[in-house]
Amino acid sequence: MMISTKGRYALRVMVDLAEHDNGEYVVLMDIAKREELSEKYLEGILATLSRAGFVQALRGRGGGYKLARAPETYTVGSILKLTSGSFAPVACLGDEENHCERADKCSTLPMWTKLNELLDEFFEGITLADLMSKPEEDEK
């Protein structure tokens, strides 16, 4: 399994929006500078996130992007699935239903199915809030 660049960047953008949430829209250029990413590439990622209702977008002066919900309501899994697709380690598990002609006699299918479940559980168990930078605790 390989997480796409689009998926990795989408996570970075979502974390950036969460960490810089002050109720106002965040300008694309500011995100691009902080994350050292191309504005043009981020536009496409943010368009995908916006169409899916993950972020709110506002054009024009004072516009930009902000999270549509609280950071703890987004899972890493939901963001990666939206932008990268399935976590399936083999093609036959990539769709909702396995259409492989050999599925009923495949000795490796249970192993791949378990790996797929573990990956899904892992990524669905991490929220955007979990990835946000935490201020250092004051030393006493």
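Residues numbered from 1 in each chain as written. Predicted model: local features only at pLDDT ≥ 70, side-chain atom pairs only at ≥ 80, totals over all residues. Heavy atoms only, no water.

Trainee: I'm lost on helix H2 (residues 28–35) in this one. Help?
Mentor: Three or four residues apart is the spacing at which side chains of an α-helix point the same way, because the helix has 3.6 residues per turn. Of all the positions in H2, only Leu-28, Ile-31, Ala-32 and Glu-35 are classed as buried. Seen from one end, H2 has its buried residues packed into an arc of 100°, which puts them on one side. Looking at the buried positions of H2, the neighbouring elements they touch are helix H1 (5–19), helix H3 (39–51) and strand S2 (64–67). Taken from the residues just after H2, Glu-36 is the one with a positive phi, measuring 55°. (Buried < 20%, exposed > 50% of the residue type's maximum accessible area, 1.4 Å probe, protein only. Helix = DSSP H or I, 4+ residues; strand = E, 2+ residues; numbered from the N terminus. Arc of directions from axis to C-beta. Contact = heavy atoms within 4.5 Å.)

Trainee: In this structure, what is going on with the environment of Leu-115? I would like to understand it.
Mentor: By the secondary structure assignment, Leu-115 is in helix H5 (residues 109–124). Residue Leu-115 is classed as partly exposed on the basis of its relative accessible area of 33%. Along the backbone, Leu-115 and Glu-35 are 80 residues apart, and their C-alpha atoms lie at a distance of 31 Å.

Trainee: Sorry if this is basic, but what is going on with the nonpolar core here?
Mentor: The nonpolar side chains of soluble globular proteins are, as a tendency, buried together. Core analysis: the biggest nonpolar cluster contains 30 residues, and Met-14 and Leu-17 have the highest contact counts within it. Elements with a minimum of two residues in this core: H1, H2, H3, S2, helix H4 (76–84) and H5. For this core, the element with the most residues is H1, which contributes seven residues. Here Leu-17 is in contact with Val-26, Ile-31, Leu-46, Val-55, Tyr-65, Lys-66 and Leu-67, once residues within four sequence places are set aside. (Core = buried A, V, L, I, M, F, W, Y, C linked by side-chain atoms within 4.5 Å.)

Trainee: I'm lost on H3 in this one. Help?
Mentor: In a regular helix each residue adds 1.5 Å, so 13 residues correspond to 18 Å; H3 covers 18 Å between its end C-alpha atoms and thus fits that length. Of the positions making up H3, those classed as buried are Leu-42, Ile-45, Leu-46, Thr-48 and Leu-49. Here the buried residues of H3 occupy an arc of 155° about the axis, which is enough to place them on one side. In H3, those exposed residues whose orientation departs by more than 90 degrees from the buried face are Lys-40 and Arg-51. Among the structural elements, H1, H2, strand S1 (55–58), S2 and H4 are those in contact with the buried residues of H3. Between the side-chain oxygen of the N-cap and the backbone nitrogen of Lys-40 there are 3.3 Å, and the N-cap of H3 in question is Ser-38. Within two residues after H3, Gly-53 carries a phi angle of roughly 80°, on the positive side. (Expected span 1.5 Å × (residues − 1). Polar contact = N/O pair within 3.5 Å; in protein donor to acceptor, adjacent residues only side chain to side chain.)

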